[in-house]
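Examination of the molecular architecture
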Amino acid sequence: MQRPVRTVLVINSGSSSMKFSLVQPDAGVEVADGIVERIGERESRAEVQFDGREVERRAPVGDHDAALRLAFELLDEAGGKLDDLGIVAVGHRLVHGGRDLYRPTIIDDAVVAKARELAPLAPLHNPPAVLGVEVARKMLPDLPHIAVFDTAFFHDLPAAAATYAIDRDLAEQWRIRRYGFHGTSHQYISEQAAEFLDRPLDQLNQIVLHLGNGASASAIAGGRPVDTSMGLTPMEGLVMGTRSGDIDPGIVFYLARTAKLPVEEIESMLNRRSGVYGLGGDNDFRELHRMIAAGAEPEASQAQLAYDVYIHRLRKYIGAYLAVLGDTHVITFTAGVGENDAKVRRDALTGLAPLGVELDEHLNESPSRGARVISAENSPTTVLVIPTDEELAIARACVAVLARD
Ligand code: ADP
């Protein structure tokens, strides 16, 4: 007898946007996706595509409850009837699981309460995600709702990589450690890389570079993460779209004490007005390249400096992880910048041939969208581009939970 098609509704809820996808994890197919943006603003925008049909609406959407309702309404308009899609679970992306929540978990009131408690650890991410969980549970009360945590993959990071060299007792009391984020993507990409190369995962040392608006790097030995660039919060590490990545913590005290900036203002500056946006005026790499090429000053020089700082930090992390792993078999680029920006990939790896990493310029420039090799044939380290698919990874985690429980 043929098994019925199983579909998972994946929800990724941010402070002013809600994204959803309908994914068939067995076939690895996404049948629908949608986004409601600018929730709570004067005019929100919603867009849903189902089976090749696209529906768009601009209307005021006051809150997350209204956003999800509108998303389902548009899905219906596009021909996707929720009741007929064989939805077996709702998967929620939760950024921070703290010390105790890491396995994909069926959500009950206790899990919601715990996730809410973790808000101080991820103030930008956890509260809106919990809101998404709450409205979806109310709207779809008969389905299992499952939380998949961004921190999960890095839960067992070796102590040497997970521990900050700060007062031990204080760190213990406040659960300060390096948690790591984008774990769903790092795990998915490392598994895809092994599959693509037809090599056993447990025999590969890999560096994964997830370069989207948020950006992080990881070093993975035999399928297990041994280091990652994000820490207690998703602010540490690489330079990002609007986040600073690594800075001297002294900057925070200096701004608080001398510039008399409130801590919320400093946090907001480091999260929303830093990174390539803070230096170059835009967080989109296409726009940075355009400004540099246009040559109008001071924008061109500012964009160039933003780009140079971004590349410099990325190269430092690649170098660090080559040393952490000793013998690196694979480096994989993924997410918006990693998948699309050949110049970033080239500049990140230029001159690394003595370290065993050699790009093939021609392959790197190829406009292909799928998983591909971009290193030179004789490069000891294989360099790949693999599109990430966090929704599929979340959907797969959900059906694994259903099989487990
Ligand atoms: P997130 O999921 O973190 O919001 P994405 O992985 O979607 O981010 O990446 C978004 C970023 O990818 C954009 O801000 C932009 O900088 C970059 N990007 C997308 N398409 C391209 C492209 N064709 N060329 C260069 N950069 C791109």
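Residues numbered from 1 in each chain as written. Predicted model: local features only at pLDDT ≥ 70, side-chain atom pairs only at ≥ 80, totals over all residues. Heavy atoms only, no water.

Worth spelling out the cut-off: UniProt positions are given in the numbering used here, feature names are shortened, and annotations may be inferred rather than shown by experiment.
The chain is annotated in an unreviewed UniProt entry as Acetate kinase of [Mycobacterium] wendilense. The Pathway (unreviewed entry) comment attached to the chain in UniProt states, word for word, "Metabolic intermediate biosynthesis; acetyl-CoA biosynthesis; acetyl-CoA from acetate: step 1/2." Note on the chain: under the UniProt heading Catalytic activity (unreviewed entry), the record states "acetate + ATP = acetyl phosphate + ADP".

1. A closer look at the side chain of H96
The condition that has to hold: Numbering goes from the N terminus for both helices and strands, where a helix is a DSSP run of H or I of at least four residues and a strand is a run of E of at least two. Between N or O atoms, a polar contact is any pair within 3.5 Å; within protein, one atom must be a potential hydrogen donor and the other a potential acceptor, and residues adjacent in sequence are included only when both atoms are from side chains. Here, two residues are considered to be in contact whenever any of their heavy atoms come within 4.5 Å of each other.
Looking at the element boundaries, H96 is found in the loop between β6 (87–94) and β7 (105–106). Separated by 3.0 Å, the side chain of H96 and the backbone nitrogen of G98 make a polar contact. From its side chain, H96 meets the backbone oxygen of L232 in a polar contact 2.9 Å long. Setting aside residues up to four positions removed in sequence, H96 forms contacts with L118, L121, A122, N126, F149, T151, Y179, F181 and L232.

2. Some thoughts on unusual backbone geometry
Inclusion rule: The cut-offs for exposure are 20% and 50% of the maximum accessible area for each residue type, with area from a 1.4 Å probe on protein chains only; residues under the lower value are buried, those over the upper are exposed, and the others partly exposed.
Here the residue pair E297 and P298 is connected by a cis peptide bond, since its omega of 10 degrees sits within 30 degrees of zero. Among the secondary structure elements, P298 is positioned in the loop between α10 (285–294) and α11 (299–325). Notably, R38 is not glycine yet its phi reads approximately 60 degrees, a positive angle. Of note, R38 is situated in the loop between β3 (29–37) and β4 (44–50). Owing to a relative accessible area of 31%, R38 belongs among the partly exposed residues under this scheme. In the Ramachandran plot, H182 falls in the positive-phi region, its phi being about 60 degrees despite a non-glycine side chain.

3. Things to note about α10
Formally: The arc in question is the one traced by the directions running from the helix axis out to the C-beta atoms.
Burial in α10 covers these residues: F285, L288 and M291. Relative to the axis of α10, the buried residues are bounded by an arc of 120 degrees and lie together on one face. Among the exposed residues of α10, those pointing more than 90 degrees away from its buried face are R286, A293 and A294. Taken from the residues just after α10, G295 is the one with a positive phi, measuring 75 degrees.

4. Some remarks on the site of the ligand
This is how it is decided: Nearness is judged by heavy atoms alone; a residue qualifies as near a molecule or strand once a single heavy atom is within 4 Å of it. Surface accessibility in these figures is a Shrake-Rupley result with a 1.4 Å probe; residues are shielded only by whichever protein chains are displayed.
In the vicinity of the ligand, the residues found are G212, N213, G214, N283, D284, F285, R286, A335, G336, V337, N340 and D341. Contact between the ligand and V337: an oxygen atom at 3.4 Å from a main-chain N or O atom of the residue. One of the side-chain N or O atoms of N340 is found 3.4 Å from a nitrogen atom in the ligand. Considering the ligand on its own, with 580 Å² of exposed area, one finds that the protein chains cover 68% of that surface.

5. A look at the pattern of salt bridges
What counts here: Here a salt bridge means any side-chain nitrogen of Lys or Arg lying within 4 Å of a carboxyl oxygen belonging to Asp or Glu.
If you walk through the whole model with that rule in mind, you get 24 salt bridges. One salt bridge connects R286 with D284, and the closest N-O pair in it is separated by 2.8 Å.

6. A few points about the sheet that holds strand β10 (residues 215–221)
Where strands meet in a sheet, backbone hydrogen bonds hold them as pairs that are either parallel or antiparallel. Here is the rule: Only strands that DSSP links by at least two bridges are regarded as paired with each other. For every element, the axis is a line fit to its C-alpha atoms; helices are fit only across the contacting stretch, and the angle between N-to-C directions ranges from 0 to 180 degrees.
Taken in spatial order, the six strands make up an open sheet running β11-β10-β9-β12-β14-β13, and their pairing is mixed. Edge positions in the sheet fall to β11 (224–228) and β13 (372–373), since each of these pairs with one other strand and no more. In the sheet, strand β9 (residues 205–211) pairs with strand β12 (residues 330–334) via five bridges, with the strands oriented parallel. Paired with V208 across the bridge in β12 is T332. The sheet strands contacting helix α6 (residues 183–197) are β9, β10, β12, β13 and β14 (382–385), and the helix crosses β9 at an angle near 125 degrees.

7. Let's talk about the layout of surface pockets
Here is the rule we go by: Cavities and pockets were defined on a 1 Å grid built from protein atoms only: a cavity is a group of points that admits a 1.4 Å probe but offers it no way out, a pocket is an open group of points flanked by protein on both sides within 12 Å along at least five of seven lines, and a lining residue is one with an atom within 4 Å of any such point. Grid points are joined across faces, edges and corners, and a volume is the space filled by probe spheres set on the points.
Of the volumes computed, that of the second largest pocket is approximately 1,300 Å³. Y164, I176, L232, T233 and M235 are, among the 39 residues lining the second largest pocket, the residues nearest its centre. At the level of elements, α2 (109–117), α7 (250–257) and α8 (263–272) are the ones that each hand at least two residues to the lining of the second largest pocket. It is α8 that provides the largest number of residues to the lining of the second largest pocket, a total of five residues.

8. Some points on the packing of α11 against helix α13 (residues 342–349)
Short version of the rule: Oblique is the label for any angle not under 35 degrees, not over 145, and not in the 65 to 115 range, which are roughly parallel, roughly antiparallel and roughly perpendicular in turn. Crossings are assigned a handedness: left-handed for a near helix turned anticlockwise from the far helix by less than a right angle, right-handed for a clockwise turn.
It is at 9 Å that the axes of α11 and α13 come closest, and there the two elements cross at 55 degrees. One element, α11, and the other, α13, form an angle in the oblique class. The two elements α11 and α13 meet at a crossing, and its hand is right-handed. Seen from α11, the contacting residues are Y307, Y310, I311, L314, R315 and I318; seen from α13, they are K343, V344, D347, A348 and L349.

9. Some points on the pairing of β11
In the sheet, β10 pairs with β11 via four bridges, with the strands oriented antiparallel. Each bridged residue has a counterpart across the sheet, and for S218 the counterpart in β11 is T228. Linking β10 to β11, which pair antiparallel, is a turn of two residues; within it G222 sits at a positive phi near 55 degrees.

10. Things to note about the UniProt feature "binding site: Mg(2+)" (unreviewed entry) in the chain
Under the local residue numbering, the UniProt record ascribes the feature "binding site: Mg(2+)" (unreviewed entry) to N12 and E390. These annotated residues cover 379 residues of sequence, and their C-alpha atoms all fall within 10.1 Å of one another, placing them together at a single site. Within the secondary structure layout, N12 lies in strand β1 (residues 7–13). Under the relative-accessibility criterion, N12 is labelled buried at 18%. Contacts of N12, omitting those with residues within four sequence positions, involve S17, M18, K19 and R93.

11. Topic: the packing of α7 against α8
Geometry of a packed helix pair, given as the angle between the helix axes and the separation of the axes. Put simply, the test is: Each residue is assigned to one of three groups, with Ala, Val, Leu, Ile, Met, Phe, Trp, Tyr, Cys and Pro labelled nonpolar, Asp, Glu, Lys and Arg labelled charged, and all others, Gly among them, labelled polar.
In the contact formed by α7 and α8, the axes pass within 10 Å of each other and the chain directions differ by 135 degrees. By the criterion of interaxial angle, the relationship of α7 to α8 is oblique. Seen along the crossing, α7 lies across α8 with a hand that is right-handed. On α8, the residues that touch V252, L255 and A256 of α7 are I266, M269 and L270. Here the residues of the contact of α7 with α8 sort into six nonpolar, no polar and no charged.

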